Amino acid sequence: MGRNLTILKALCIYFTAAILLSGAAFYNGYPLIYPDTGGYIGLQNLSFRSSFYNLFIYPSLQLHSLWPVVLMQSLIVAHLLRLILRVVFKLTSLILYFITISLLCLLTSLPWVTGFIMPDIFTGVMILSLFLLIFCRENLGFGEKIYLFLLTLLSSTVHLTHIPLAIGIIGIIWFFRVMIKNDKRLPTPHLFSASMAVFLAFALIIANNYRTYGVFTFSQNGYAFILARLVADGPAVKYLKEFCPQRNYKLCAYINELPSNSDKFLWPKDSPFRKVGWFDGYQKEGEKIVRETVLSYPLDVAKQIPKNTFLQLKRFLTSTPSCLDETYINHPLQFYFSSEYKAYENSKQSQKQLNLKVLNYLHLAVVGISLMIAGIVLLIFLKRSKYLPALCLLFIGVVYLLHALLTGCLSEPDHRYGNRIIWLLPFLSMASLMHIIN
């Protein structure tokens, strides 16, 4: 009986926290969406996206509502934050937990990501799950280890940038483990279960692509994003201007129309990329241009990496454009969620009533203050030999840089990418401050 009451109490706690984390969607009047959301509704298997987020939200199609997706994402985050507070910062007070959740909902972009029908929330979820699995195994119960393994697996599969990000994280931590050797003062990294979760996620994506396309590939048309980046940055244009007379690529006919923005190369209906065949129709030639550009101008390509990384580092504001004019999202919403389509049309997002300018000023100030707090508490942790929370702060800083490097090199630097994990900084700064005061 006592155990059942404990479980019931925990469920009530997490459900209440999840309601708070769903606050942005409630305020909007409907779950927050994006044009790309349409590609994740239904059992589609697009060649340039992972279909595993489609599977995650698939039950919502049977329930004819997207609200369960928001609630589930919020529940996952609510529980994960509780684990971090307990295991890393030794904060077990329910009052402190609710204060943390409330402040995150009021002062950061977190509720705008948990209420967003995109795989974005799972970037932060994967990062925190990896940290717990790698550095906190001794303080986790058996059930928690299994849960975090499965959560890492899920998080790694839902977006194609998550696997390379996870591999980069594991590689950096492996190097850290080699460097510290047998230093007893520092937490020993346990890489096996985390590596297995990421490897299994990688295998699942490849297996799904083999089932769909008959080839073993991680991303059937991932070349297009690299091509778009090389075009926007200039090296691919330079290559085409030099070699078009001999090679006569289809893209040569549009060499004077190539944009300096990768999104404008990929998505507009009148873009040169659409005219030459788009993702599927230009794969063979597009892959060759990517390969030859990198081999012909390696220094030009390398010079753009720090520039794009820096541009992405600065972009982390919240943006929720209206999607009412986007048929790509409106058609699946009408088809699968007809009973709540009116709510979508009348939502603040759709009616362009979400003026987030003041909120972004607040978020910017909070990030700045959090950065200063993080620097101060890091020094305090190191002075007091509290290496686990210090390591957590350093871990997030390194991962944020790695994430900016990855997304900046594959896509046009965008606020959405930074926004999906910037909330980790205020969260860990708050937790660190409470740990020191407590």
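Up top you'll find the structure we're talking about.
All figures in this text were calculated on a predicted structure; none of them were measured in a lab.

### Concerning the overall build of the protein
(1) Moving on: Within the protein one finds 23 helices and 0 strands.
(2) Moving on: Relative to the globule expectation of 22 Å for 438 residues, the C-alpha radius of gyration of the protein, 23 Å, shows essentially globular dimensions.
(3) Moving on: The dimensions of the protein, computed from C-alpha atoms along their principal axes, are 75 × 55 × 45 Å.
(4) Moving on: Expressed as a percentage of the 438 residues in the protein, the buried residues total 53%.
(5) Moving on: A separation threshold of at least 6 residues defines the contact pool for the protein, and within that pool the share at least 24 residues apart is 76%.
(6) Moving on: Summed over all atoms, the accessible surface of the protein reaches about 20,200 Å², with 65% contributed by carbon and sulfur.
(7) Moving on: Of the side chains in the protein, 38 bear a positive and 21 a negative charge, and the two mean positions are spaced by 10 Å.

### Thoughts on the state of the cysteines
(1) Moving on: Counted according to the given criterion, the structure contains 1 disulfide.
(2) Moving on: Sulfur-sulfur distance for the disulfide between C244 and C252 comes to 1.8 Å. Here C244 and C252 share a disulfide; its torsion about the S-S bond, -90 degrees, makes the bridge left-handed. Considered together, C244 and C252 belong to a single accessibility category, that of buried residues.
(3) Moving on: Free cysteine: C12, not disulfide-bonded; nearest cysteine sulfur from C105 at 18 Å.
(4) Moving on: The thiol of C392 is unpaired, and the distance to the nearest cysteine sulfur, on C136, comes to 7.4 Å.

### Re helix α10 (residues 192-213)
Since there are 3.6 residues in each turn of an α-helix, residues three or four apart along the chain are aligned in direction.
(1) Moving on: Between its first and last C-alpha, α10 extends 31 Å over 22 residues, near the 32 Å set by a 1.5 Å rise per residue.
(2) Moving on: Residues of α10 that are buried include every one of S193, A194, A197, V198, A201, I205, I206, N208 and N209, and no others.
(3) Moving on: Buried residues along α10 sit in contact with α3 (52-63), α7 (121-135), α8 (142-157) and α9 (162-180).
(4) Moving on: Positive phi appears at G214, one or two residues downstream of α10, with a value of about 80 degrees.

### A closer look at the packing of helix α11 (residues 223-233) against helix α21 (residues 387-410)
(1) Moving on: Where α11 meets α21, the closest approach of the two axes is 7 Å, and the angle between their N-to-C directions is 80 degrees. Between α11 and α21, the interaxial angle falls into the category roughly perpendicular. Contact residues: F225, I226 and R229 in α11; G408, C409 and L410 in α21.
(2) Moving on: Per-class residue counts for the contact of α11 with α21 are 4 nonpolar, 1 polar and 1 charged.

### Here we look at the side chain of T37
(1) Moving on: Relative to the helices and strands, T37 is located in the loop between α2 (23-28) and α3.
(2) Moving on: Other than its neighbours up to four places away in sequence, T37 contacts I117, M118 and I329.

### As for a nonpolar patch on the surface
(1) Moving on: Taken together, the side chains of W174, F175, V178 and M179 define a hydrophobic patch exposed on the protein surface, amounting to about 460 Å² of accessible area.
(2) Moving on: Turning to its location among the elements, F175 is positioned in helix α9.

### Things to note about the pattern of salt bridges
(1) Moving on: Here the structure, examined in full by the defined rule, presents 8 salt bridges.
(2) Moving on: Of the charged contacts, one joins D300 and K238 as a salt bridge, the two residues approaching to 2.9 Å between their closest N and O atoms. With a gap of 62 residues between them, D300 in helix α17 (residues 298-313) and K238 in helix α12 (residues 235-247) connect regions that are remote in the sequence.
(3) Moving on: Using a relative accessible area of 22% as the deciding quantity, one classes D300 as partly exposed.
(4) Moving on: Given the relative accessible area of 41%, K238 is considered partly exposed.
(5) Moving on: A salt bridge links E257 to K275, with the nearest nitrogen and oxygen atoms 3.4 Å apart. Note that E257 is positioned in the loop between α12 and α13 (262-266) and K275 in helix α14 (residues 272-275), a separation of 18 residues in sequence.
(6) Moving on: By relative accessible area, K275 is classed as partly exposed at 42%.
(7) Moving on: Beyond isolated ion pairs, a larger network of salt bridges with shared partners links R229, D233 and E412.

### What to know about the environment of G234
(1) Moving on: Topologically, G234 is positioned in the loop between α11 and α12.
(2) Moving on: Distance in space between the C-alpha atoms of G234 and S65 is 44 Å, their sequence separation being 169 residues.

### Focus on the side chain of N330
(1) Moving on: Residue placement: N330 occurs in helix α18 (residues 327-336).
(2) Moving on: Taking the relative accessible area as the measure of exposure, N330 reaches 5% and is therefore buried.

### What about the nonpolar core?
(1) Moving on: Within the largest apolar cluster, 107 residues are counted, with the highest numbers of intra-cluster contacts made by L132 and L333.
(2) Moving on: Residue contributions to this core peak at 12 residues, all from α7.
(3) Moving on: Ignoring anything within four residues of it in the chain, the contact list for L132 reads L80, L83, I84, V87, V88, R137, L140 and L148.
(4) Moving on: If you look at the next biggest cluster of nonpolar residues, it comprises 29 residues, including Y239, C244, L251 and Y282.

### Let's talk about the environment of L80
(1) Moving on: Within the secondary structure, L80 is located in helix α4 (residues 67-87).
(2) Moving on: Ignoring sequence-local partners within four residues, the contact set of L80 consists of V125, L128, S129, L132, L148 and L151.

### So, unusual backbone geometry
(1) Moving on: With a phi close to 55 degrees, N248 is a non-glycine residue in the positive phi region.
(2) Moving on: By the element assignment, N248 lies in the loop between α12 and α13.
(3) Moving on: Residue classification places N248 among the exposed positions, given a relative accessible area of 62%.
(4) Moving on: Unlike most non-glycine residues, W278 shows phi in positive territory, near 60 degrees.
(5) Moving on: What makes W278 partly exposed here is its relative accessible area of 24%.

Conventions we followed
Residues numbered from 1 in each chain as written. Predicted model: local features only at pLDDT ≥ 70, side-chain atom pairs only at ≥ 80, totals over all residues. Heavy atoms only, no water. Helix = DSSP H or I, 4+ residues; strand = E, 2+ residues; numbered from the N terminus. Rg over C-alpha atoms; globule rule 2.2 N^0.38 Å. Buried < 20%, exposed > 50% of the residue type's maximum accessible area, 1.4 Å probe, protein only. Contact = heavy atoms within 4.5 Å. Areas by Shrake-Rupley, 256 points an atom, 1.4 Å probe, with all protein chains shown as cover. Lys, Arg positive; Asp, Glu negative; His and termini not counted. Charge placed at Lys NZ, Arg CZ, Asp CG, Glu CD. Disulfide = S-S within 2.5 Å. Expected span 1.5 Å × (residues − 1). Axes fitted to C-alpha atoms, helices over the stretch in contact; angles between N-to-C directions. Parallel < 35°, antiparallel > 145°, perpendicular 65-115°, else oblique. Nonpolar A, V, L, I, M, F, W, Y, C, P; charged D, E, K, R; others polar. Patch = residues over 30% accessible without salt bridge, like charges linked within 9 Å, V, L, I, M, F, W, Y side chains within 5 Å. Salt bridge = Lys/Arg side-chain N within 4 Å of Asp/Glu carboxyl O. Core = buried A, V, L, I, M, F, W, Y, C linked by side-chain atoms within 4.5 Å.

Everything listed is a geometric property; what it means functionally is a separate question.
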